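A look at the structure
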Amino acid sequence: MTTRAHRLSRALALPLTLVLSAGALAACSSGEGAGDSSGSGGAGEGGALKIALLLPESKTTRYESFDRPLFEAAVKAECSDCEVIYNNADQDATKQQQQFESAVTEGADVIVLDAVDGKSAASLVSNAKSQDIPVIAYDRFIAGADYYVSFDNRKVGELQGQALLDALKADGKTSGDILMINGAPTDANAADFKKGAHAVLDKSDFTIAGEYDTPDWSPDKAQSWAEGQLAKVKGDLVGVYAANDGTAGGAIAALKGGGVDPLPPVTGQDAELAAIQRIIAGDQDMTIYKAIKPEAEDAAKAAIALGNGDKPEAKDDKEGVPSTLLDPVVVTKDTVKDTIVKDGFYTVDDICAGSFAKACASAGLK
Ligand code: GAL
């Protein structure tokens, strides 16, 4: 179906008020107007598309620093007159619902949604579907979506758990307490990270002395929870499983504040610059690098295909949703150079700025 036919069939399914307001907004949009009248947009058969990108939060640096600019650049590269409507929900599921609804009102042809709350997002998907607007579940799974692109998130948890066991072995530890700081209970990925990590850690001889699902992935909440646990585990603490770099930062602040010395190994995820610097400095044991560029580019291609009524390529499947699942990569002090730096995610200068120069030199990075 062409974009215009697609819009028309959707308009027929919309309540009249919505059609009128969408029409009024569409008339104001130069990008869309040009695409509609010439029919010669970069998206090929369908012309210019309006693509909504809705991201979940901004505390984790990936979204504003990587996902958004990489997605926007990939759309422009494939379709110069396509328009991206962008919004960030700041971890607020109600705000995200409003952003989703206004994307529909603004005439989005396709919505790329990284859901704050996976469960409530399923009803947004089915509403959009009834109006013939395809939805891509971006990074976090949503049941019923038209397409899903992410990483193998259970594997992320397994790799984190295994890296923690490897670090404990290297420290000569065979028993002791581990604290587990998981992600947000509303995030579908967090459940997969947790399952993967448990699958590895539960088989070990270490004791999971305390476990916390961090609301909103908040580093501050992770920190205060860890502070509260320190008195409980006392000298038996040997390691901390933290599901991402933000919560790892919170845990490390709690450990340092509580005078824990030397620091036990702490895991992470997202390859945030601050985390790579902590790894180089020896404060954090590892992180998971997810190459966001291929993820964002894949989502952009899929959005253009779906917006034009075509099916995106998908070699994987998750719960009946055609999917692309990319490979997560473990990063430790020894592999920063061959992973993050090699891929151009950060330069050595980014990592080794200011006070990190010395640690970089002893890690052989500079
Ligand atoms: C997950 C995502 C991670 C991390 C986390 C915190 O869903 O896969 O990469 O960003 O959310 O927002």
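In case you missed it, the structure is sitting above this.
In this text, all values refer to a predicted model and were calculated from it rather than measured experimentally.

Take the side chain of Q284 next. Position of Q284 among the secondary structure elements: in the loop between helix 11 (273-281) and strand 9 (286-289). A residue is classified by how much of its surface remains accessible, and Q284, at 3% relative accessible area, is buried. A distance of 3.0 Å separates the side chain of Q284 from the side chain of D245, its partner in a polar contact. Among the polar contacts listed, one links the side chain of Q284 to the backbone oxygen of M286, at a separation of 3.0 Å.

Okay, the sheet that holds strand 7 (residues 207-213) next. Across a sheet, paired strands are connected by hydrogen bonds in the backbone, their directions being either parallel or antiparallel. If you walk across this open sheet you meet the three strands as 7-6-8, and the pairing is parallel. In the strand order of this sheet, the two ends are held by strand 7 and strand 8 (237-242), each with one partner. With direction set aside, neighbouring strand axes in the sheet form an average angle of 15 degrees. The pairing of strand 6 (residues 177-182) with strand 8 spans five bridges and is parallel. When the sheet's bridge partners are listed, I181 is paired in strand 8 with A242. Running over the sheet, helix 7 (residues 153-170) touches strand 6 and strand 8 and is turned about 160 degrees from strand 8. Relative to strand 8, helix 10 (residues 245-257) is tilted by about 155 degrees, and along the sheet it contacts strand 6 and strand 8.

A rise of 1.5 Å per residue sets the reference length of helix 12 (residues 292-307), with its 16 residues, at 22 Å; its end C-alpha atoms lie 22 Å apart and thus fit the reference within 8%. Within the sequence span of helix 12, burial applies to I292, E295, A296, A299, A300, A302, A303, I304, A305, L306 and G307. Residue G309 follows helix 12 closely and has a positive phi angle near 80 degrees.

A few words on the pattern of salt bridges. Under the counting rule described, the total for this entry stands at 19 salt bridges. The residue R62 makes a salt bridge to E295 at a minimum N-O spacing of 3.0 Å. Pair noted here: R62 is in helix 4 (residues 62-78) and E295 is in helix 12, with a separation of 233 residues, a long-range link. Residues R140 and D187 are paired through a salt bridge, measuring 3.0 Å at the closest nitrogen-oxygen approach.

Around the ligand, 13 residues are found, and the nearest of them are E57, D139, R140, D187 and D270. Note that an oxygen atom of the ligand is positioned 2.6 Å from one of the side-chain N or O atoms of D270. The protein chains hide 100% of the 300 Å² of surface that the ligand would expose on its own. When grouped by side-chain class, the residues that make up the shell around the ligand number three nonpolar, three polar and seven charged.

Cut-off values and rules
- Residues numbered from 1 in each chain as written.
- Predicted model: local features only at pLDDT ≥ 70, side-chain atom pairs only at ≥ 80, totals over all residues.
- Heavy atoms only, no water.
- Helix = DSSP H or I, 4+ residues; strand = E, 2+ residues; numbered from the N terminus.
- Buried < 20%, exposed > 50% of the residue type's maximum accessible area, 1.4 Å probe, protein only.
- Polar contact = N/O pair within 3.5 Å; in protein donor to acceptor, adjacent residues only side chain to side chain.
- Pairing = 2+ DSSP bridges.
- Axes fitted to C-alpha atoms, helices over the stretch in contact; angles between N-to-C directions.
- Contact = heavy atoms within 4.5 Å.
- Expected span 1.5 Å × (residues − 1).
- Salt bridge = Lys/Arg side-chain N within 4 Å of Asp/Glu carboxyl O.
- Near = heavy atom within 4 Å.
- Areas by Shrake-Rupley, 256 points an atom, 1.4 Å probe, with all protein chains shown as cover.
- Nonpolar A, V, L, I, M, F, W, Y, C, P; charged D, E, K, R; others polar.

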